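# Results of the structural survey
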Amino acid sequence: MKEQIDKMRRRAARYLGVRPVMVAPARGVLSLSFDDFPASAWTEAGPILAEHGIKATYYVAGGLCGGTNIDKPQFEVEHLQAAHAAGHEVGCHTFDHVSALRLSPDGLTDQLAQNAAWVAERLDGHVMTSFAWPFGDVALGAKPVVDQRFLLGRGVRDGVNAGRADRVNLQAIGLESRRLPHYDLEALVARAADTSGWLIAYGHDVESTPTPYGCTPEDLDRLIRLARQAGLDILPVGEAWSRLDHA
């Protein structure tokens, strides 16, 4: 019963409480993002991003720092600081990596405030301006909280953002071993190029034997090369947002 109720709540949040925005960049954009921040998203992915001269967005949940998640070591403070110093965006993923379906609006507000304080203390006052929903769980009552605190929220519903979109539930594709075989990446990149759309990809660990939620270094490199070949700009989520015509 609980699973059915959660499914209905996710569906309601998809269609209701929409914060409409027009996504119309000058040309197509790819944004790469990493949720939870497993250590390998920096130690393995960082050098690939540096080789291509591009920046990504790391969605941080401070409560995961130094721990494990899905049996994988998560980031240490030095990883966070190195990514930030290298010019990558640091965004918010709640403090305890908790689903919005399990929180009241006040509870979510507390989670966001706790994470904001934790990150600011370690990154010289850095203020996070973008948000990714843990587990992709968007709750209708939570959307106003995210709307008030952040420029945007990124979900996990498949697709390219082009034309009218929901500012607090932007579409994305999973750079995940469980999802990649079902995507036509060439077609998705081509659609972003042809429609002047915004393709956001999210992943987790980056390893030769990734979890179902992660990808291999080769997967990451391939998507970057496809985007370059298609003429997409490759920008962190926040920078991409700043370049959009979202009047």
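Look up: the structure comes first, before these words.
So, here is what we can say about the structure in this document. If you're wondering where the values come from, they're calculated on a predicted model, not measured in any experiment.

## Notes on the pairing of strand β6 (residues 89-92)
The alternating pattern of β6 places Glu 89 and Gly 91 and Val 90 and Cys 92 on opposite faces, both of which are buried. In this sheet, β6 lies alongside strand β3 (residues 57-60) in parallel orientation, the contact comprising four bridges. Note on β6: the bridge partner recorded for Val 60 is Cys 92.

## Things to note about helix α4 (residues 77-85)
Among all positions in α4, only His 79, Leu 80 and Ala 83 are buried. Buried residues of α4, seen end-on, are gathered within an arc of 100° and therefore sit on one face of the element. Among the exposed residues of α4, those oriented more than 90 degrees off its buried face are Glu 78 and Ala 85. Elements that come into contact with the buried residues of α4 comprise α2 (40-43), β3, β6 and α5 (105-122). Trailing α4 by a residue or two, Gly 87 shows a phi angle of about 95°, which is positive.

## A closer look at unusual backbone geometry
Across the chain, the bulk of peptide bonds are trans and the bulk of non-glycine residues have phi less than zero. Phi is positive for Phe 37, close to 70°, though the residue is something other than glycine. Note on placement: Phe 37 falls in the loop between β2 (29-36) and α2.

## What about the packing of aromatic side chains?
In this description, an aromatic ring pair is defined by two values, namely the gap between the centres and the angle between the planes. Under the counting rule described, the total for this entry stands at seven aromatic pairs. With centroids separated by 5.2 Å and ring planes inclined at 25°, the aromatic side chains of Phe 34 and Tyr 58 adopt a geometry described as stacked. Here Phe 34, found in strand β2, pairs with Tyr 58, found in strand β3; they are 24 residues apart in sequence, far enough to count as distant. There is no split in this pair, since Phe 34 and Tyr 58 are both buried. When the centroid spacing of 6.1 Å and the interplanar angle of 85° are considered together, the rings of Phe 75 and Trp 118 count as edge-to-face. Taken together, the residues span a long stretch of sequence, with Phe 75 in the loop between β5 (72-73) and α4 and Trp 118 in helix α5 at a distance of 43 residues. Residue Phe 75 is classed as buried on the basis of its relative accessible area, which comes to 0%. Three or more aromatic residues joined by ring pairs make a cluster, and in this case those are Phe 34, Phe 37, Trp 42, Tyr 58, Phe 75 and Trp 118.

Cut-offs applied
Residues numbered from 1 in each chain as written. Predicted model: local features only at pLDDT ≥ 70, side-chain atom pairs only at ≥ 80, totals over all residues. Heavy atoms only, no water. Buried < 20%, exposed > 50% of the residue type's maximum accessible area, 1.4 Å probe, protein only. Helix = DSSP H or I, 4+ residues; strand = E, 2+ residues; numbered from the N terminus. Pairing = 2+ DSSP bridges. Arc of directions from axis to C-beta. Contact = heavy atoms within 4.5 Å. Phe/Tyr/Trp six-rings, centres within 6.5 Å; stacked < 30°, edge-to-face > 60°.

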